Amino acid sequence: MRKRKIYGYFLLTMLIVSGLAGTPSGNSLTKKERKMAIDHMKITKAGLINSIKGWNDAQLNFRTAPDKWSALDCVYHIAATENGLWQLLETTLKAPPNAEKRAAIKMTDDQLINTMQDRSFKVKTSEPFEPKNTSYKTLDAALSDFKDKRSNLIKYIRNSTEDMRNHVAETPLGWL
């Protein structure tokens, strides 16, 4: 599995869950933003599942070097990250809006997406999201959890009327 593709899925999820970074024209998601977010969430979900479809254990566990992640490690990381990002979203939206922090946002939505897909800019994951620290013991468990959380996120994006643009969170990529 291409690491760029997997990393892109993770970071795109971060973009969507964090409320779509950038300077908006309004405080809630527009129809266009909502459609873009849902489409990306569906596409990246299918992309992850299809990218490992039919792989055997040797392929899933192959490492290009001892210190590199396998495809299975990447799936564990993505599933754990999906949970963490959902928690970030819930925590951020439960807190009062903090519109004064919007000035700290340095990237537009498009810039964030490009940054997430650019593998020349790497961010080391935090310890809880390292594959060895996740609770997953099998590919099926990780994929099941990922699919469940992703479905919940898509439902949330489809139905939310939250003021996402005035709930700003600090992330490894800066304020989003």
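Definitions and limits used
Residues numbered from 1 in each chain as written. Predicted model: local features only at pLDDT ≥ 70, side-chain atom pairs only at ≥ 80, totals over all residues. Heavy atoms only, no water. Helix = DSSP H or I, 4+ residues; strand = E, 2+ residues; numbered from the N terminus. Buried < 20%, exposed > 50% of the residue type's maximum accessible area, 1.4 Å probe, protein only. Contact = heavy atoms within 4.5 Å. Areas by Shrake-Rupley, 256 points an atom, 1.4 Å probe, with all protein chains shown as cover. Core = buried A, V, L, I, M, F, W, Y, C linked by side-chain atoms within 4.5 Å. Arc of directions from axis to C-beta. Salt bridge = Lys/Arg side-chain N within 4 Å of Asp/Glu carboxyl O. pLDDT = per-residue confidence, 0-100. Polar contact = N/O pair within 3.5 Å; in protein donor to acceptor, adjacent residues only side chain to side chain.

With that settled, consider the overall build of the protein. Within the protein one finds six helices and two strands. Taking all 176 residues of the protein together, the buried fraction comes to 47%. Taking as baseline every contact in the protein between residues at least 6 positions apart, the subset at least 24 positions apart corresponds to 84%. Surface exposure of the protein reaches about 9,600 Å², of which carbon and sulfur atoms provide 52%.

Right, let's get into the side chain of E130. Within the secondary structure layout, E130 lies in the loop between α5 (109-117) and α6 (139-159). Classification of E130 as buried rests on a relative accessible area of 14%. Setting aside residues no more than four positions away along its own chain, E130 makes contact with W69, K124 and T125.

Bringing the nonpolar core into the picture now. Counting 14 residues, the largest nonpolar core has L48, I52, V75, Y136, L139, A142 and L143 as its most contacted members. Counting residues per element, the ones that place at least two in this core are α2 (31-52), α4 (71-94) and α6. The element contributing the most residues to this core is α4, with six residues. Residues M41, W86, L93 and L153 belong to the second largest nonpolar core, which totals eleven residues.

Within the secondary structure, K45 sits in helix α2. Contacts of K45, omitting those with residues within four sequence positions, involve F146, K147, R150 and S151.

What α5 keeps buried is the set D109, L112, I113, T115 and M116. In a view along the axis of α5, the buried residues occupy a sector of 160°, so they form one face of it.

Under the criterion given, the structure shown has seven salt bridges. With a closest N to O distance of 3.3 Å, E130 and K124 form a salt bridge. Judged by its relative accessible area of 70%, K124 is exposed. One network of salt bridges, in which partners are shared, links K124, E130 and K132.

Let us look at the confidence of the model for the protein. For the protein, the mean per-residue pLDDT works out to 83, and 84% of the residues sit at or above 70. Per-residue pLDDT, averaged within each element of the protein, yields its smallest value for helix α1 (residues 3-17) (53) and its largest for helix α3 (residues 57-61) (97). Predicted confidence for residues 19-25 stays below pLDDT 50, and this span has 23 contacts to residues more than four positions away or in other chains.

The subject of this paragraph is the environment of F129. Within the secondary structure layout, F129 lies in the loop between α5 and α6. When its relative accessible area of 23% is taken as the criterion, F129 is described as partly exposed.

The residue E82 is located in helix α4 in this model. The exposure class of E82 is buried, given its relative accessible area of 3%. At 2.7 Å, the side chain of E82 and the side chain of R150 are in polar contact.

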